[in-house]
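# Reading the structure
Here are the chains, one letter per residue:
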Amino acid sequence: MPGKILSSIVVLPLLLSTSALASVEPITPQQCKVMREKGAISNESPIQCDRLSTVHVRHYDFNGEVKQGAVVVMNSVAHRVERIFEALYQRKVPMQSVLPIEHFNGSDKASMTANNTSGFNARPMTGGTEWSKHAFGLAIDINPVQNPFIDIDDHNRVSVQPEQSTKQYLNRYTYRAGKPVRRGMAEDVIDIFAENGFLTWGGYWNYPIDSQHFEVGPRALVNRLAAEPGKARGVFEKYIADYLTCMKASTQAVHEQARAICVQKVTKKFSNWAPSRK
């Protein structure tokens, strides 16, 4: 049970003042130690604790109460994640909880089942061996129950994670006749994430469909941000600026179409980097 897992975790220090909506601090040695003990990071991880930051946040839960939370991400993008969660708070987007993955012993499944919003987790891609972008601190999963992971195997069999989403949230409409308005849906916050550098949304994919998932991409950019810590923040800001410029210049009448075109254009532009051979 999530409660039992939480009881074994050192509680993160509360850094938010009564007026602040989010704040950023480096990973502390104590937190790094707990992350290792709980399987959230290892010596084989593509980045280590010195490249990670904790973003302390305020958020609304589904009862309309204000809660405190924390999400771990790469330090070079933490300032933008701070903005994301400030915007989510101002929009009163509900989230059940926002807790680092060590609260769930590094288990993505346990975090999803608890409907937890999270960032860094040094794990491979679901169903693969390559490092997930979560392992770089460059992906965030929001409200997994409302935004489930839907996989389709080679025999066209469909599986849904978390399982409790299966009969509730495969239909993606927010407004439905005779039914309550849905809250916490990823479709409502795509622009908030995109305008802060998390351009790629898992809901764009044919399969798997991962509507909870927002990430920085493409893979070449991820590798560059990891390999060049001194330049990473500037490169990331250029990536964002190119997207915003594209959106501003777009002549498409449909906003979603303009967004899709600009995401494709910018991710393609940043797909050509390769590490120096020196």
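In the block above lies the structure referred to throughout.
Residue numbering note: each chain is counted from 1, following its sequence as written. Since the coordinates come from a predicted model, pLDDT governs what is reported: local features require at least 70, and pairs of side-chain atoms require 80 or more to be given and counted, while whole-chain, interface and lining totals use all residues. Only hydrogens and water are set aside when side-chain values are computed; all heavy atoms of the structure are taken into account.

Paired through their backbone hydrogen bonds, the strands of a sheet run either parallel or antiparallel. Reading across the sheet, the three strands line up as E1-E2-E3 and stay open at both edges, with antiparallel pairing between neighbours. The open sheet terminates on both sides in strands that have one partner only, identified here as strand E1 (22-26) and strand E3 (66-74). Sheet twist, expressed as the mean angle between neighbouring strand axes with direction ignored, is 25°. One requirement defines pairing of two strands: DSSP has to find at least two bridges between them. Secondary structure elements follow DSSP: runs of H or I of four or more residues count as helices, runs of E of two or more count as strands, with numbering from the N terminus. Strand direction decides the pairing type here: E1 and strand E2 (residues 52-60), joined by five bridges, are antiparallel. Bridge assignment links valine 24 to a residue of E2, and that residue is valine 55. Helix axes are fitted to C-alpha atoms over the stretch in contact, other axes to C-alpha atoms as well, and angles between N-to-C directions run from 0 to 180 degrees.

Turning our attention to helix H7 (residues 229-249). By this rule the span expected of a helix is its residue count minus one, scaled by 1.5 Å. Spanning 21 residues, H7 covers 31 Å between terminal C-alpha atoms, matching the ideal 30 Å at 1.5 Å per step. Looking at the packing, one finds that the buried side of H7 touches helix H3 (78-90), helix H5 (190-194), helix H6 (219-227) and helix H8 (255-269). A contact between two residues is defined here by any heavy atoms of the two lying within 4.5 Å.

This part takes up the packing of aromatic side chains. Any two rings among Phe, Tyr and Trp, with Trp reduced to its six-membered ring, count as a pair given centres within 6.5 Å; such a pair is stacked if its planes are under 30 degrees apart, edge-to-face if over 60, and tilted if neither. This model, assessed by the stated rule, comprises seven aromatic pairs. One aromatic cluster in this structure is built from Phe193, Phe198, Trp201, Tyr204 and Phe214.

Our next topic: the sheet that holds strand E7 (residues 149-152). The sheet built from three strands is open, its strands ordered E8-E7-E10 with antiparallel pairing. The open sheet has two edge strands with one neighbour each: strand E8 (158-161) and strand E10 (209-210). For E7 and E8, the ladder comprises four bridges, and the chain directions are antiparallel. Bridge assignment links phenylalanine 149 to a residue of E8, and that residue is glutamine 161.

By themselves, these are just geometric observations and shouldn't be taken as functional.
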